[in-house]
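# Architecture at a glance
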Amino acid sequence: MNFPKNKGITFIELLVSLSVLAITASFAVSSFSSYIKDRRIDETSDHIRDSLKLARSNAVMGDGGRLIPDATNGWGQWEVQDQGNNIVYRSQPASRTKVAVNRGTVDANGELSWANIPILNPEEIQFSALGALRIKSAAVVSPLAGVVFDVCSEGDDRPGKQIFVSQLGWINTKTCD
């Protein structure tokens, strides 16, 4: 028995193959965009954490250390300065992320609260020669247990990561769910 030889694919086979490919690609794109968003949050949080560590180590070495927000971008861009107002490090503008600075408190049980209590116009984050946290702000911040940097994506007010600086200058990072 002789069967005719196929010389290609039918139009229906082509449509089915393209449909399967399009559905698979749509899953990949949505997963990839979420991945990129998470990496941007990670990158900004890492820069903040590293800047805080640099400012603290400069202060402990006697050079003075403070973190100052940019005049136009606020906490979306910052610089680390020594006691002579020399720029030690200047960050790049945060890519599609927002940074908010809040204060943390200690509750009655002595537990740290990551409460988002806004600091009114924090002008700079400073460290003492012993590495302890100080805040220069127009508003009185009390009781102060630390500072919380909330990092989130543009258009999303829920923080993706939080960097907490305790009153003693310890720096911790927490991923939010």
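Placed above this text is the structure.
## A word on the pairing of strand E1 (residues 65–70)
For E1, a buried count of six out of six residues is recorded, marking the element as mostly surrounded by other parts of the structure. Bridge count between E1 and strand E2 (residues 74–81): five bridges; the pairing is antiparallel. Looking at the pairing, Ile-68 lines up with Glu-79 of E2. Linking E1 back to E2 in an antiparallel pair, the connection comprises three residues.

## A few points about the packing of aromatic side chains
Counted by the stated rule, this structure contains one aromatic pair. Between Phe-32 and Tyr-35 the ring centres are 6.2 Å apart and the planes differ by 25 degrees, which places this aromatic pair in the stacked class. In this pair, Phe-32 and Tyr-35 are both assigned in helix H1 (residues 11–60), three residues apart and thus about one turn of the helix distant. By relative accessible area, Phe-32 is classed as exposed at 51%.

## Let's talk about the pattern of salt bridges
Under the counting rule described, the total for this entry stands at seven salt bridges. Arg-49 serves as the salt-bridge partner of Asp-50, at 3.5 Å between the closest nitrogen and oxygen. Under the relative-accessibility criterion, Asp-50 is labelled partly exposed at 39%. On the basis of relative accessible area, Arg-49 is assigned to the partly exposed category, the value being 22%. Salt bridges sharing common partners tie together Arg-39, Asp-42 and Lys-161.

## Examining a nonpolar patch on the surface
On the surface, Ile-9, Phe-11, Ile-12, Leu-14, Leu-15, Val-16, Leu-18, Val-20 and Leu-21 cluster together into a nonpolar patch covering about 900 Å² of accessible area. Its location among the elements puts Leu-14 in helix H1. The exposure class assigned to Leu-14 is partly exposed, which follows from its relative accessible area of 36%.

## Digging into H1
Its 50 residues give H1 an end-to-end C-alpha distance of 72 Å, which sits within 8% of 74 Å, the value for a rise of 1.5 Å per residue. Regarding H1, the residues found buried are Ile-41, Asp-42, Thr-44, Ser-45, Ile-48, Ser-51, Leu-52, Ala-55, Asn-58 and Ala-59. Positioned one or two residues after H1, Gly-62 has a phi angle of 90 degrees, which is positive.

## Description of unusual backbone geometry
The residue Asn-85 is not glycine, and still its phi comes out positive at about 60 degrees. Looking at the element boundaries, Asn-85 is found in the loop between E2 and strand E3 (87–90). Residue classification places Asn-85 among the partly exposed positions, given a relative accessible area of 48%.

## Notes on the side chain of Asp-42
Mapped onto the fold, Asp-42 is located in helix H1. Among the polar contacts listed, one links the side chain of Asp-42 to the side chain of Lys-161, at a separation of 3.2 Å.

## Here we look at the environment of Leu-52
Here Leu-52 lies in helix H1. Here Leu-52 falls in the buried class, since its relative accessible area comes to 0%. As a C-alpha pair, Leu-52 and Gly-65 span 13 residues in sequence and 8.8 Å in three-dimensional space.

## A word on the nonpolar core
One finds Ile-48, Leu-52, Leu-67, Trp-75, Ile-125, Phe-127 and Phe-149 to be the most contacted residues of the largest nonpolar core, which totals 21 residues. Discounting residues that sit within four places of it in the chain, Leu-52 has contacts with Leu-67, Ile-125, Phe-127, Phe-149, Ile-163, Val-165 and Ile-171.

## Some words on the environment of Phe-127
Here Phe-127 shows up in strand E6 (residues 122–127). For the pair Phe-127 and Gly-65, spaced 62 residues apart in the sequence, the C-alpha separation amounts to 5.9 Å. Ignoring anything within four residues of it in the chain, the contact list for Phe-127 reads Leu-52, Ala-55, Arg-56, Ala-59, Gly-65, Ala-132, Leu-133, Val-165 and Gly-169.

Conventions and cut-offs
Counting of residues starts from 1 at the beginning of each chain's written sequence and follows it residue by residue. A pLDDT threshold of at least 70 governs which residues receive local features in this predicted model, and a stricter bar of 80 or more applies before side-chain atom pairs are shown or counted, although totals over entire chains, interfaces and linings include all residues. Calculation of side-chain values draws on the structure's entire complement of heavy atoms; hydrogens and water are dropped beforehand. With a 1.4 Å probe rolled over the protein chains alone, any residue whose accessible area is under 20% of its type maximum counts as buried; one over 50% counts as exposed, and the rest are partly exposed. Strands here mean DSSP runs of E at least two residues long; helices mean DSSP runs of H or I at least four residues long; both are numbered from the N terminus. Strands were regarded as paired on the criterion that DSSP finds at least two bridges between them. Classification of ring pairs rests on two measures: the distance between centres of Phe, Tyr or Trp rings, Trp counted by its six-membered ring, which must be within 6.5 Å, and the angle between planes, read as stacked under 30 degrees, edge-to-face over 60 and tilted in between. Each salt bridge in this description consists of a side-chain nitrogen of Lys or Arg and a carboxyl oxygen of Asp or Glu lying within 4 Å of one another. Put simply, a patch holds well-exposed residues, over 30% relative accessible area, that have no salt bridge, with like charges counted together within 9 Å and Val, Leu, Ile, Met, Phe, Trp or Tyr side chains within 5 Å. Only the protein chains shown count as cover for residues, and all accessible areas are computed by the Shrake-Rupley method using a 1.4 Å probe. A helix is expected to reach a length of 1.5 Å times the quantity of its residues less one. Polar contacts, as counted here, are pairs of nitrogen or oxygen atoms within 3.5 Å of one another; within protein the pair requires one atom able to donate a hydrogen and one able to accept it, and residues that are adjacent in sequence qualify only if both atoms are side-chain atoms. Here the nonpolar core consists of buried residues drawn from Ala, Val, Leu, Ile, Met, Phe, Trp, Tyr and Cys, with membership extended through side-chain atoms lying within 4.5 Å. Contacts were defined at the residue level, with two residues in contact if any of their heavy atoms lie within 4.5 Å.

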